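A look at the structure
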Amino acid sequence: VLLIACAIFSSEFVGLLKATYAVGRPPTGVLERESLSFPSGHSSGSAAISVFLCYVLVRTRRVSVLVGITAGVAVTLLVGISRMYLDFHWLSDVIGGFIIGATIGAGCCAIWEFIQHHQRTRAATPTGLAASHQGDSTRRTPRLCSSTRSWTMLPKFGCSTPSPGSMTTKVQSRWGLMYGDAW
């Protein structure tokens, strides 16, 4: 879904930029076209999709870094060269399309990383853990330990600031400050 959104956003953004800059196409193209030239939509789209797709494939370990980068650069360059060879675009159109597409692809990579992080955090949260310990006299609640980044069951103390030598201070010094507490 994000790959399709990347392609659609690239296409729409290039259309907006074409209307803004209004640069004409080379006059000797294979086909005479009345459309605008800068930036190249094909170059932008191929760069955006290649950056995003190669990033996801490398991050999920489906391909090696070398294969991912080589394939992404090769496809993107071939699209750009073909646009100039057919005389549909100037070199500046293709380079502008590469830059815009790579930026859009990087933005989609950031969104993908955010979604992955959110899903990992949500999957690691012990949903039923707090409910099973509600009758416990020590009022244990799940806490995310900042030093180990793992969920643990620690007692929730009633005081907001620990007194020196108390168990709260020992817990705090051993495992670090817990998220969600006002210690």
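Above this note sits the structure.
In this report, the structure presented in the accompanying data block is examined. Remember, it's a predicted structure, so these values are computed and weren't measured experimentally.

The space that makes up the largest pocket amounts to roughly 230 Å³. Taken together, 14 residues form the lining of the largest pocket, with Ser50, Val51, Ile69, Gly72 and Val73 sitting closest to its centre. Only helix H2 (41–59), helix H3 (65–85) and helix H4 (91–124) provide two or more residues apiece to the lining of the largest pocket. Residues of the lining of the largest pocket, tallied by class, amount to ten nonpolar, four polar and no charged.

Let us now look at unusual backbone geometry. Even without a glycine there, the phi angle at Arg61 is positive, about 60°. With respect to the helices, strands and loops of the structure, Arg61 is situated in the loop between H2 and H3. Relative accessible area serves as the criterion here: at 75%, Arg61 is assigned to the exposed category. Positive phi is not limited to glycine here, since Asp87 has a value of about 60°. Note on placement: Asp87 falls in the loop between H3 and H4.

The geometry of H2 relative to H3 is characterised by a closest axis approach of 9 Å and an angle of 175° between their N-to-C directions. Classified by the angle their axes make, H2 and H3 are roughly antiparallel. Note on element contacts: H3 touches H2 through Val65, Gly68, Gly72, Val75, Thr76, Val79, Gly80 and Arg83, opposite His42, Ser43, Ser46, Ala47, Ser50, Cys54 and Val58. For the contact of H2 with H3, the per-class residue count stands at six nonpolar, eight polar and one charged.

The next thing to look at is a nonpolar patch on the surface. The grouping of Val65, Ile69, Val73, Leu77, Ile81, Tyr85 and Leu86 at the surface amounts to a nonpolar patch, some 690 Å² of accessible area in total. Here Leu77 falls in the partly exposed class, since its relative accessible area comes to 42%.

What follows covers the packing of helix H1 (residues 2–21) against H2. Two elements in contact, H1 and H2, have axes separated by 9 Å at closest approach and are oriented at 150°. Taken as axis vectors, H1 and H2 run roughly antiparallel relative to one another. Like other packed secondary-structure pairs, H1 and H2 cross with a definite hand, here right-handed. Of H2, the residues touching H1 (which contributes Leu2, Leu3, Cys6, Ala7, Ser10, Val14 and Lys18) are Gly41, Ser44, Gly45, Ala48, Ile49, Phe52 and Leu53. Partitioned by chemical class, the residues of the contact of H1 with H2 number nine nonpolar, four polar and one charged.

How each quantity is defined
Residues numbered from 1 in each chain as written. Predicted model: local features only at pLDDT ≥ 70, side-chain atom pairs only at ≥ 80, totals over all residues. Heavy atoms only, no water. 1 Å grid on protein atoms, 1.4 Å probe; cavity = no way out; pocket = protein on both sides within 12 Å on 5 of 7 lines; lining within 4 Å. Points joined across faces, edges and corners; volume = space filled by probe spheres on them. Helix = DSSP H or I, 4+ residues; strand = E, 2+ residues; numbered from the N terminus. Nonpolar A, V, L, I, M, F, W, Y, C, P; charged D, E, K, R; others polar. Buried < 20%, exposed > 50% of the residue type's maximum accessible area, 1.4 Å probe, protein only. Axes fitted to C-alpha atoms, helices over the stretch in contact; angles between N-to-C directions. Parallel < 35°, antiparallel > 145°, perpendicular 65-115°, else oblique. Contact = heavy atoms within 4.5 Å. Patch = residues over 30% accessible without salt bridge, like charges linked within 9 Å, V, L, I, M, F, W, Y side chains within 5 Å. Areas by Shrake-Rupley, 256 points an atom, 1.4 Å probe, with all protein chains shown as cover. Salt bridge = Lys/Arg side-chain N within 4 Å of Asp/Glu carboxyl O. Left-handed = near helix turned anticlockwise from the far one by under 90°.

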